[in-house]
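Structural characterization, general
Chain residues, written in single-letter form:
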Amino acid sequence: MVRRVVLIGAGHAHMEALRQANRFEAAGLTLILIDPGAFWYSGAATGMLSGALDPSDATADPVALAGPVERLEARATRVDPGARRVTLDDGRSVAFDVLSLNTGSALADTGLVRSGAVPVKPVSNLAEVRARIEAAGGELRLAVAGGGATGVEVALSLTSLQRRLGADVTVTLFAPLPLLPGWPDRAADRAARALKQAGVRHVARRAETIRDGAVIDDAREAHSLDLIIAATGLTAQLPGGFDAGPEGLPVGADLAWLNDPDIFAAGDCAHMTHAPRPKLGVFGVRAAPVLIENLIAAGRGEGRRRRYEPQSRWLSLMDLGDGTALGRYGGLAHRSGAALALKRWIDARFVRRYQP
Ligand SMILES: Cc1cc2nc3c(=O)[nH]c(=O)nc-3n(C[C@H](O)[C@H](O)[C@H](O)COP(=O)(O)OP(=O)(O)OC[C@H]3O[C@@H](n4cnc5c(N)ncnc54)[C@H](O)[C@@H]3O)c2cc1C
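Reading guide: rules and limits
- Residues numbered from 1 in each chain as written.
- Predicted model: local features only at pLDDT ≥ 70, side-chain atom pairs only at ≥ 80, totals over all residues.
- Heavy atoms only, no water.
- Near = heavy atom within 4 Å.
- Polar contact = N/O pair within 3.5 Å; in protein donor to acceptor, adjacent residues only side chain to side chain.
- Nonpolar A, V, L, I, M, F, W, Y, C, P; charged D, E, K, R; others polar.
- Domains from an automatic or database assignment.
- Salt bridge = Lys/Arg side-chain N within 4 Å of Asp/Glu carboxyl O.
- Helix = DSSP H or I, 4+ residues; strand = E, 2+ residues; numbered from the N terminus.
- Buried < 20%, exposed > 50% of the residue type's maximum accessible area, 1.4 Å probe, protein only.
- Pairing = 2+ DSSP bridges.
- Axes fitted to C-alpha atoms, helices over the stretch in contact; angles between N-to-C directions.
- Contact = heavy atoms within 4.5 Å.
- Lys, Arg positive; Asp, Glu negative; His and termini not counted.
- Phe/Tyr/Trp six-rings, centres within 6.5 Å; stacked < 30°, edge-to-face > 60°.
- Lys NZ or Arg CZ within 6 Å of the ring centre and 35° of its normal.

1. Looking at the site of the ligand
Near the ligand there are 28 residues, and of these His12, Ala76, Lys121, Asp268 and Gly281 occur at the shortest range. At 3.2 Å, a side-chain N or O of arginine 75 approaches a nitrogen atom of the ligand. In the model, an oxygen atom of the ligand is placed 3.4 Å from a nitrogen or oxygen of the leucine 280 main chain. A per-class count over the shell around the ligand returns 10 nonpolar, 12 polar and 6 charged. Each of two domains, domain 1 (3-37 + 73-106 + 234-299) and domain 2 (109-232), supplies a minimum of three residues to the shell around the ligand.

2. Thoughts on the pattern of salt bridges
For the structure on display, the rule yields 19 salt bridges. Its salt-bridge partner being aspartate 97, residue arginine 3 comes within 3.9 Å of it at the nearest N-O pair. In this pair, arginine 3 sits in strand E1 (residues 3-8) while aspartate 97 sits in the loop between strand E8 (93-95) and strand E9 (98-101), placing the two residues 94 residues apart along the sequence. Note that glutamate 302 is salt-bridged to arginine 304, the shortest N-O span being 2.8 Å. One network of salt bridges, in which partners are shared, links Glu16, Arg19 and Arg353.

3. Brief notes about the domain arrangement of the chain
For the chain, the assigned domains are domain 1 (3-37 + 73-106 + 234-299) and domain 2 (109-232). In this structure, domain 1 and domain 2 have C-alpha centres spaced 32 Å apart.

4. Some thoughts on helix H1 (residues 12-19)
Burial within H1 is extensive, with 7 of its 8 residues counted as buried. Buried residues of H1: His12, Ala13, His14, Met15, Glu16, Ala17 and Leu18, and no others.

5. Considering the environment of threonine 110
Mapping threonine 110 onto the fold places it in the loop between strand E10 (105-107) and helix H4 (111-114). Since its relative accessible area comes to 24%, threonine 110 is described here as partly exposed. For the pair formed by threonine 110 and threonine 232, sequence separation is 122 residues and the distance between their alpha carbons is 8.7 Å.

6. Some thoughts on the sheet that holds E1
For sheets, the rule is that strands pair by backbone hydrogen bonds, running either parallel or antiparallel. Read from one edge of the open sheet, 5 strands run E5-E2-E1-E9-E21, paired in parallel fashion. Pairing within the sheet leaves two strands with one partner each, and these edge strands are strand E5 (69-72) and strand E21 (263-265). Adjacent strand axes in the sheet meet at a mean angle of 20° when their direction is disregarded. Of the strands in this sheet, E1, strand E2 (29-34), E5 and E9 are in contact with H1, which crosses E1 at around 140°.

7. Details of the pairing of strand E23 (residues 315-319)
With respect to burial, E23 is a largely interior element, 4 of its 5 residues being buried. Taken together, E23 and the strand that follows it, strand E24 (residues 325-329), pair antiparallel across an intervening segment of 5 residues, in which glycine 321 is found at a positive phi of about 75°.

8. Here we look at the side chain of glutamate 153
Counting through the fold element by element, glutamate 153 comes out in helix H6 (residues 149-164). Despite being buried, glutamate 153 has no salt bridge partner; lysine 343 is the closest side chain of opposite charge, sitting 4.3 Å away. Setting aside residues up to four positions removed in sequence, glutamate 153 forms contacts with Thr46, Leu317, Met318, Asp319 and Lys343.

9. Describing the packing of aromatic side chains
The final tally for this structure, using the stated rule, is 5 aromatic pairs. Measuring from ring centre to ring centre gives 4.6 Å for tyrosine 41 and phenylalanine 350, while their planes differ by 25°; the resulting arrangement is stacked. Of this pair, tyrosine 41 sits in the loop between strand E3 (39-40) and helix H3 (45-50) while phenylalanine 350 sits in helix H9 (residues 337-353), placing them 309 residues apart in sequence. We classify tyrosine 41 as buried; its relative accessible area is 9%. Summarising the aromatic geometry, the rings of phenylalanine 242 and tryptophan 257 are spaced 5.1 Å apart at their centres and angled 80° between planes, so their arrangement reads as edge-to-face. One end of the pair, phenylalanine 242, is in the loop between strand E19 (234-236) and strand E20 (249-251); the other, tryptophan 257, is in the loop between E20 and E21, with 15 residues separating them in the sequence. Between arginine 328 and the ring centre of tryptophan 183, over which it is positioned, the NZ or CZ distance is 5.3 Å.

Written out as structure tokens, the structure reads:
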């Protein structure tokens, strides 16, 4: 019997597994992907929102990788680990010997999202927001909730888009202080300066809900706005059947679920119990080589496993929408045009790797 390795979600790590599908075939394994659509690369998301990049610069088609992979274009709704089966949203079900989850994260469920704010994930939402703003010639009163790197970057991208369209900048950022929690103070100062220079109205309060076309903040003040994007924090996204918290499926250093050595997870949906990290694409990317080797070993019934030790420092580059980027590495912060050029180069190289 040919053993079946089933991948759920075309996230960063699984895109690399698909690119290396020949290795699974050479090991005598059948590789199956369950995913509903295109891969969106979040590193290029705000460049795409601002209009600096085309949506095609931020997407790739997992199927176009054209390796020996069976593709099921559907969403996995439930996994039964005991019965070794995955149920899909179109009613089908799929058997597996080895399972890998790379299903990413979703915005934490809040009153703001439930009342109509656009969640920043999936990233495809930002392509729809850009189209809506372009259709209105930029003449919309825009807002973003969330003062982390994503919220600040999205707010600045919106100002860039409005300027591109020749419209006045009307962007409000709802973000209690401090901005960029967890980043060095120097980086937060530079981000605050960039917001001011770009003309963003900063309200140092939380946006709570939308009522009668107005955003209500936590001091009960109403702000008349046309569109608000919520960037208020990510939680792991998993199909049903797992009893996991918002941080994700608990895995060990070999990326296998602590309850089952033949079920793996990587990226935002995984909680690396040996080395917890923030929900950033870079960890899914770097986990890929270890994940692929361990999936092949598990598929072949071999006990050997490689360990993934995520780096303790990583480079973050925020596109400030004005031709510069804010770079952060550990306690260092730096803003320049060269930092943006580096970001564009890294992002383009990554996406090209997965385009035919
Ligand atoms: C605007 C924005 C900008 C960001 N910028 C950066 C950045 O510059 N650098 C960085 O490191 N991180 C960045 N992040 C964080 C980044 O988005 C995530 O860390 C990253 O996308 C996680 O990658 P992943 O591989 O875990 O999953 P994802 O890339 O999110 O992929 C998950 C895939 O699984 C599929 N899926 C989900 N559920 C199911 C299911 N039930 N069945 C089948 N398929 C399913 C989805 O359709 C999707 O294709 C940014 C986030 C946002 C929102």
